[in-house]
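The primary structure of each chain is shown beneath.
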Amino acid sequence: MTPLTSIDFPGRLAAVLFLQGCPWRCGYCHNPELLPARGEGGLDWDAVQAFLQRRHGLLDGVVFSGGEPTSQATLPNAMARVKAMGFQIGLHTGGMYPARLQRLLPLLDWVGLDIKGPAEYHDAITGRRGSAAPVELSLGHLLESGVAFECRTTWHSGLFPVQALYRLAEQLAARGVRRWALQECREPGRGRHEGESADLIRLGSYFPCFTFRGR
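Only a predicted model underlies this, so the values are computations on that prediction, with no experimental measurement involved.

Cut-offs applied
- Residues numbered from 1 in each chain as written.
- Predicted model: local features only at pLDDT ≥ 70, side-chain atom pairs only at ≥ 80, totals over all residues.
- Heavy atoms only, no water.
- Helix = DSSP H or I, 4+ residues; strand = E, 2+ residues; numbered from the N terminus.
- Rg over C-alpha atoms; globule rule 2.2 N^0.38 Å.
- Buried < 20%, exposed > 50% of the residue type's maximum accessible area, 1.4 Å probe, protein only.
- Contact = heavy atoms within 4.5 Å.
- Areas by Shrake-Rupley, 256 points an atom, 1.4 Å probe, with all protein chains shown as cover.
- Salt bridge = Lys/Arg side-chain N within 4 Å of Asp/Glu carboxyl O.
- Pairing = 2+ DSSP bridges.
- Axes fitted to C-alpha atoms, helices over the stretch in contact; angles between N-to-C directions.

Enquirer: So what's going on with the overall build of the protein? Which residues, and what values?
Expert: From N to C terminus, the protein includes seven helices and eight strands. In terms of overall size, the protein behaves like a compact globule, its C-alpha atoms giving a radius of gyration of 17 Å where 215 residues would be expected to give roughly 17 Å. In the protein, which comprises 215 residues, the proportion classed as buried is 46%. Sequence separation of at least 24 residues holds for 72% of the intrachain contacts in the protein that already meet a minimum separation of 6. Carbon and sulfur atoms make up 51% of the accessible area of the protein, which amounts to about 10700 Å² in all.

Enquirer: Tell me what's going on with the pattern of salt bridges, and back it up with residues and numbers.
Expert: Summed over the entire model, instances satisfying the criterion amount to six salt bridges. A salt bridge links Arg175 to Glu136, with the nearest nitrogen and oxygen atoms 2.6 Å apart. Of the two residues, Arg175 is situated in helix α6 (residues 162–175) and Glu136 in helix α5 (residues 132–145); the sequence distance between them amounts to 39 residues. Glu136 gets classed as partly exposed once you look at its relative accessible area, which sits at 46%. For Arg213, the salt bridge is made with Glu150, and the minimal N-O distance between the two is 2.9 Å. Pair noted here: Arg213 is in strand β8 (residues 209–213) and Glu150 is in strand β6 (residues 148–155), with a separation of 63 residues, a long-range link.

Enquirer: Could you give an account of the sheet that holds β6, with specific residues and numbers?
Expert: Read across the sheet, eight strands follow the order β1-β2-β3-β4-β5-β6-β7-β8 without closing on themselves; strand pairing throughout is mixed. Each having just a single partner strand, β1 (2–5) and β8 make up the two edges of the open sheet. With direction set aside, neighbouring strand axes in the sheet form an average angle of 20°. Pairing geometry for strand β2 (residues 14–19) and strand β3 (residues 61–66), over six bridges, is parallel. Bridge pairing in β3 places Leu17 opposite Phe64.

Here's what the structure looks like:
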């Protein structure tokens, strides 16, 4: 748990709960210890609820992150309990379980959806076959729901070329995405790639709200 953050839930002061487990194996993952289905050192749920009770009136919301939080079968119940305590609910997800995401939407106030890359590069990034299709469905559910959301893409030119990045921006804008964040990727022990820079003005022109997050 991160007890307090001002950057993980736009416009809110929030706590972040990191949930164990993720089916994908992205090479740049920042929380690799959360990838296995089971881990060590987890927090007791009663202790989490007690912490949130003490922060009532001080925190605006709670973000469920990971790992991939929708991997957890009891996530809807946990969100409902936190919602009943008066907190707004945020979710960070890779979108690999669109049906689960759809069921969660009535509980959600904001979603950060990871778009790993263009469909033709998606499997190479995630290490799993057929990984782009469910993300497309998840994006569709979000667009139809009216829930506030942001798409985020972590990129360097070793993942896919800059021209593919521009095409991805065009595709997302054409789908109706209004908020997109480009996150600079720095893998451990790896420097910048030659020709890595992207035209941020060009990318930003596709969206009403565009953010670049350097590492």
